[in-house]
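# Close look at the chain arrangement
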Amino acid sequence: MLLGAVVLTVASQYPTMASLQYGPSLFPSLIGGGFLIGGLVLSATQLPTLKRQMSSSEANAGKMFDLRSILVSLLPCALIIFYIFASEFLGAALCLGIIMFVLMLVRKTSLPLALLVSLIASLIIYFLFSRYLLIPLPEGLMNFWG
C-alpha cells in the first residue's frame, strides 16, 4: 500500500500535455492505484488470520510469526529488485521467466509445469510489450543471438 501511495504521489507530479487527454502519469497512476487497492484487499483478507494468531499467542509464546511466511511474502519484492539489476544483462524475457519460475516453485507447482508456463508466458509477455506495444525492453543475452 505504501509503495502504491508513493507511486501515485510521484506520478501526480508528472507534467501534463494540453493536447492529450492523458499524459505520462497515466500508467504509473494505474499501477500505483493497483498496488494501493491490492494492498488494501490483502490487508482486509488477512485481518481474521492476524486476529486468530494474536488470540492464540499464549499457546505459541515465542513463535508469533512464521519465518518462512515472512520470507515468502518478501520474495516478490526481492524478485523485482533482481529484475531491476539483472534485466540489462540477462534481458527482460529471461528475467521474467526466472521470476515466474521461482514464484511457481514457491507455490509448490510441479517442476515441468512451472518450467513450461514460465517459458511460454515470459515469451508472450516480452513479445507483446516489445513488438506489439513497442515498449523497449532490455534484450540482454537475446541481443547476442540475433
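See above for the structure.
Here is a short report on the structure shown in this document. Just so it is clear, the model here is predicted, and its values are computed rather than measured. (Residues numbered from 1 in each chain as written. Predicted model: local features only at pLDDT ≥ 70, side-chain atom pairs only at ≥ 80, totals over all residues. Heavy atoms only, no water.)

## A few points about the layout of surface pockets
A volume near 1,700 Å³ is recorded for the largest pocket. Considering the residues around the largest pocket, the lining is formed by 33 residues, among which Leu3, Phe35, Pro76, Cys77 and Ile80 are closest to the centre. If you list the elements that add at least two residues to the lining of the largest pocket, you get α1 (2-12), α2 (26-55), α3 (67-90) and α5 (111-132). The dominant element in the lining of the largest pocket, judged by the number of residues it contributes, is α2, at eleven residues. Taken together, the residues of the lining of the largest pocket break down into 23 nonpolar, nine polar and one charged. (1 Å grid on protein atoms, 1.4 Å probe; cavity = no way out; pocket = protein on both sides within 12 Å on 5 of 7 lines; lining within 4 Å. Points joined across faces, edges and corners; volume = space filled by probe spheres on them. Helix = DSSP H or I, 4+ residues; strand = E, 2+ residues; numbered from the N terminus. Nonpolar A, V, L, I, M, F, W, Y, C, P; charged D, E, K, R; others polar.)

## Re the packing of aromatic side chains
Applying the stated criterion to the full structure yields one aromatic pair. Summarising the aromatic geometry, the rings of tyrosine 126 and phenylalanine 127 are spaced 5.2 Å apart at their centres and angled 75° between planes, so their arrangement reads as edge-to-face. (Phe/Tyr/Trp six-rings, centres within 6.5 Å; stacked < 30°, edge-to-face > 60°.)

## Re the environment of valine 41
Tracing the backbone shows valine 41 in helix α2. Among the residues examined, valine 41 registers a relative accessible area of 48% and is labelled partly exposed. For the pair valine 41 and methionine 1, spaced 40 residues apart in the sequence, the C-alpha separation amounts to 9.7 Å. (Buried < 20%, exposed > 50% of the residue type's maximum accessible area, 1.4 Å probe, protein only.)

## Overview of unusual backbone geometry
In the Ramachandran plot, lysine 108 falls in the positive-phi region, its phi being about 65° despite a non-glycine side chain. Of note, lysine 108 is situated in the loop between α4 (92-106) and α5. Its relative accessible area of 65% is what places lysine 108 among the exposed residues.

## Focus on α4
In this model α4 runs 21 Å from its N-terminal to its C-terminal C-alpha over 15 residues, within 8% of the 21 Å that 1.5 Å per residue would give. Along α4, the residues that are buried comprise Ala92, Ala93, Cys95, Gly97, Ile99, Met100 and Met104. (Expected span 1.5 Å × (residues − 1).)

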